[in-house]
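Here is how the chains run, residue by residue.
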Number of protein chains: 2
Amino acid sequence: MTNVSIIGIGQTEVGEHWDVSLRHLAWYAIEAALDDAATTSIDAIYVGNMLAGDLSAQDHLGALIADFSGLRGADAVTVEAAEASGGAAMRQAVLAVQSGLVETALAVGVEKVTDGAGSGLVKAVSTGLDADYEAVHGQTVAGVAALMMRRYLHEYGLELSDFAGFSVNAHANGADNPIAMFRNRLKAERFADAPPVATPVTLFDMAPLGDGAAAVIVTRSDRADDMTPKPVRVVGSALVTGTIGLHDRQDPLWLEAAARSAQKALAMAQLTPDDIDLFEVHDGFTILAALSLEAAGFAARGQGWQLARDGEIGRNGRIPISTFGGLKARGNPLGATGLYQIVEVARQLRAEAGACQIEGARIGMAQNLGGNGGTAVTHILQASRF
Amino acid sequence: MTNVSIIGIGQTEVGEHWDVSLRHLAWYAIEAALDDAATTSIDAIYVGNMLAGDLSAQDHLGALIADFSGLRGADAVTVEAAEASGGAAMRQAVLAVQSGLVETALAVGVEKVTDGAGSGLVKAVSTGLDADYEAVHGQTVAGVAALMMRRYLHEYGLELSDFAGFSVNAHANGADNPIAMFRNRLKAERFADAPPVATPVTLFDMAPLGDGAAAVIVTRSDRADDMTPKPVRVVGSALVTGTIGLHDRQDPLWLEAAARSAQKALAMAQLTPDDIDLFEVHDGFTILAALSLEAAGFAARGQGWQLARDGEIGRNGRIPISTFGGLKARGNPLGATGLYQIVEVARQLRAEAGACQIEGARIGMAQNLGGNGGTAVTHILQASRF
């Protein structure tokens, strides 16, 4: 367990924010988090972002966002780990507060993918793969997921439609989330008719990229208990890297980094998967959702998809996932995604999830992946006294 | 004072490494640092890098470099703060160890600018400026330095040649540094004849960009004292942001972030500028060297240049700077620069600086700037028992 608690959360709608700049987007989430925490005293800022340098010709987001948010002077840097940048920024905020050298830290994830529309967004996202061994050959993130999914279908004798439950669940939850990118429900029978992206991955397997920002404020737990009626304790935190290149993984169907980061976070929290009330999973692709459930210990190998088939990932299931729509329906703003997940778990534990509420949720896990599992960040949060 | 000490350092030659990939470059520095520390047990890696996404189409360096260096599984992310990325990575390593959640951390700065040769390197470096208010108008890092320098010359009635001492000193020291990018000495009378870059800034005011990597391993001081005969204590560490846009600074000749980060680091170490035996300054431009000396308290306002004129920045001067050549002669590998500075201070304090040695050096300061002062990271190191 850490000595760190969440005292403020904020997020923007995920979508196509053509008329909002990168810095404004970040500020909207920060403003909401500052309001929520009822503080303006922030010592350090960790910006989770993947592509602003490529898409917006803007690096140096720490100073930029600190200044624009009225927090000039703060210790502020960008933290990047491909699509896991948001979770990695949260991890740095936790380490900073735990160090005692930083009293209050803000982790903000922001991504402005519309700045790259028409100018190679797919290529930009591929920078999270291995440039010299994958991307150089034209491999994409969806292409890697397709290889994993085809192998899984082969290995376990499944069909594409066996994955429908993941997207149906995500869209059912997203429909109740006012800030979700897609609020339409999805019928299982329509799932297999979706246009292909990288066979067997289709449009309904794959999360949409969107603009968005989410922010989380953390401080020492003893201060948090005085500052807010509903502090959320960070009881587990672990970032583990693995191999980016799929060709170099010992087993393409085992997310080694995801498994190890979940194990480390659970050990730190002295918990087991049975103790987890909800799991914000990195469902950038349905195959990643299935493999993540297996890696984290919620299903045996080859059986992650069965949790979706059997309705066990729904609100009243054994392990609810993607409770606000997940990457699939809430949307995937890349470097911001990991912080949306933290905000969502915190909302569940504060019993402020509205129609998306998991009844009685007291312990939640969030896991953010980069490069289809090359990096995995797991956080476990616990309602601390309410 | 922190509870953190340096147990290993490593660096590569700075220059044009056309035949070495980004990951190899990082590995060479990491290998040297692991050898120096006589350990292969690294829990976390902080990669200081500014432009790999832009220039090498490679983000996600944490996982990439951990895996390639035989450190697969390590907690590893990229830390970016423009040209201050290296110092910022060092700062994260210090926070991580200080937190107690990470036992041994490695900060590695790496930049491969030759990957961007001919394809807009100047534009890529401009991503450290404010994209919407500076770079969009064609402003460059050298252009901003030129505005600062012109104002300084005007304000204090100086000429370009009054800055010669900075470059003469840097090249004199670089000539004795086997891994420096430029080992030629520079005559003061040739200084003013250099080709203009952005008037009044000339080629001899401006540090050359180069490829390079530098690495530093830190752990708890109590462990360090058992692991190495020459641990170097991190007694001060501070990262402060200011305004990136020059137009928005209250005073274009006052590096607010640099001043505050120096003050914070000194206060943490319970030291004053008089206690500092050498200062690795961010001399990306001669004007930045002058302003940094003023901001850190080594000279009164408007008098930083006099330290160069009077020879006070030389090896036997009052405050030796750029003791291995600084950015100007050792070279400026952007996101790696801040870690070269840390390696250099550590070498001085370990009395392993060879011909570059400052006699009797016991306390050294390193300051790394991003975006011409938008971010400033200051570290103060102390020889702990030798």
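See above for the structure.
Residues numbered from 1 in each chain as written. Chains lettered and ligands numbered in written order. Predicted model: local features only at pLDDT ≥ 70, side-chain atom pairs only at ≥ 80, totals over all residues. Heavy atoms only, no water.

*Asks:* Can you help me understand the overall build of chain A in this one?
*Replies:* The helix and strand inventory of chain A stands at 14 helices and eleven strands. Each principal axis of the C-alpha distribution contributes one length, and for chain A these read about 55 × 45 × 40 Å. Across the 386 residues of chain A, 68% fall into the buried class. Contacts in chain A between residues at least 24 apart in sequence constitute 78% of all its contacts with a sequence separation of at least 6. With the model as given, the accessible surface of chain A reaches about 12,100 Å², and the carbon-plus-sulfur share is 48%. Charged side chains in chain A number 28 positive and 44 negative. The centres of these two groups are separated by 3 Å. (Helix = DSSP H or I, 4+ residues; strand = E, 2+ residues; numbered from the N terminus. Buried < 20%, exposed > 50% of the residue type's maximum accessible area, 1.4 Å probe, protein only. Contact = heavy atoms within 4.5 Å. Areas by Shrake-Rupley, 256 points an atom, 1.4 Å probe, with all protein chains shown as cover. Lys, Arg positive; Asp, Glu negative; His and termini not counted. Charge placed at Lys NZ, Arg CZ, Asp CG, Glu CD.)

*Asks:* What's the story with the packing of helix H1 (residues 22-37) of chain A against helix H3 (residues 61-68) of chain A in this structure? I'm lost.
*Replies:* Packed helices, taken two at a time, are described by their axes: the angle between them and the distance between them. Residues and elements named next belong to chain A. Closest axis-to-axis distance for the H1/H3 pair is 10 Å, and the angle between their directions is 60°. Relative to H3, the element H1 lies oblique. By crossing handedness, the relation of H1 to H3 is classed as right-handed. Contact with H1, carried on its side by Leu 22, Arg 23, His 24, Ala 26, Trp 27 and Ile 30, involves Leu 61, Leu 64, Ile 65 and Phe 68 of H3 and no other residues of that element. Among the residues forming the contact of H1 with H3, the class breakdown is eight nonpolar, one polar and one charged. (Axes fitted to C-alpha atoms, helices over the stretch in contact; angles between N-to-C directions. Parallel < 35°, antiparallel > 145°, perpendicular 65-115°, else oblique. Left-handed = near helix turned anticlockwise from the far one by under 90°. Nonpolar A, V, L, I, M, F, W, Y, C, P; charged D, E, K, R; others polar.)

*Asks:* For this particular structure, what's the right way to read the side chain of Thr127(B)?
*Replies:* Structurally, Thr127(B) is set in the loop between helix H5 (121-125) and helix H6 (141-156). Filtering out sequence-adjacent residues up to four positions away, Thr127(B) remains in contact with Gly53(A), Ala57(A), Gln58(A), Asp59(A), His60(A), Met50(B), Leu51(B) and Asp54(B).

*Asks:* Is there a simple way to think about helix H14 (residues 337-349) of chain B in this case?
*Replies:* In an α-helix there are 3.6 residues to a turn, and that puts residues three or four apart on one side. Residues and elements named next belong to chain B. End to end, H14 covers 19 Å across 13 residues, agreeing with the expected 18 Å (1.5 Å per residue, within 8%). Burial within H14 is extensive, with 13 of its 13 residues counted as buried. Just past H14, the residue Ala 351 takes up positive phi, approximately 55°. (Expected span 1.5 Å × (residues − 1).)

*Asks:* Just to check I follow, could you spell out the packing of aromatic side chains for this structure?
*Replies:* Two aromatic rings, taken as a pair, are described by how far apart their centres are and by the angle between their planes. Inspection of every chain in the model, using the stated rule, returns eight aromatic pairs over all chains. Consider the rings of Tyr152(A) and Phe163(A), whose centres lie 5.6 Å apart with planes at 70°: the pair is edge-to-face. With Tyr152(A) in helix H6 (residues 141-156) and Phe163(A) in the loop between H6 and helix H7 (164-174), this pair connects stretches of sequence that are eleven residues apart. By relative accessible area, Phe163(A) is classed as buried at 0%. With a centroid separation of 5.1 Å and an interplanar angle of 35°, the aromatic rings of Phe279(B) and Phe298(B) are classed as tilted. Separated by 19 residues along the polypeptide, Phe279(B) in strand S9 (residues 278-280) and Phe298(B) in the loop between helix H11 (286-295) and helix H12 (304-309) bring together distant segments of the chain. (Phe/Tyr/Trp six-rings, centres within 6.5 Å; stacked < 30°, edge-to-face > 60°.)

*Asks:* I tried to follow the pattern of salt bridges on my own but got confused; where do I start?
*Replies:* Any two side chains of opposite charge can pair if their charged atoms end up close together. Counted by the stated rule, this structure contains 37 salt bridges over all chains. Glu155(B) is paired through a salt bridge with Arg151(B); the nearest N and O atoms lie 3.0 Å apart. Pair noted here: Glu155(B) and Arg151(B) are both in helix H6, with a separation of four residues, about one helical turn. One network of salt bridges, in which partners are shared, links Asp36(A), Lys230(A), Arg350(A) and Glu352(A). (Salt bridge = Lys/Arg side-chain N within 4 Å of Asp/Glu carboxyl O.)

*Asks:* Where do I start with unusual backbone geometry in this structure?
*Replies:* In most cases, non-glycine residues show a negative phi, while peptide bonds are predominantly trans. Note the cis peptide between Thr199(A) and Pro200(A), where omega equals 10°. One non-glycine residue with positive phi stands out, namely Ala38(B), at about 55°. Inspection of the secondary structure puts Ala38(B) in the loop between helix H1 (22-37) and strand S2 (44-48). Residue Ala38(B) is classed as exposed on the basis of its relative accessible area, which comes to 68%.

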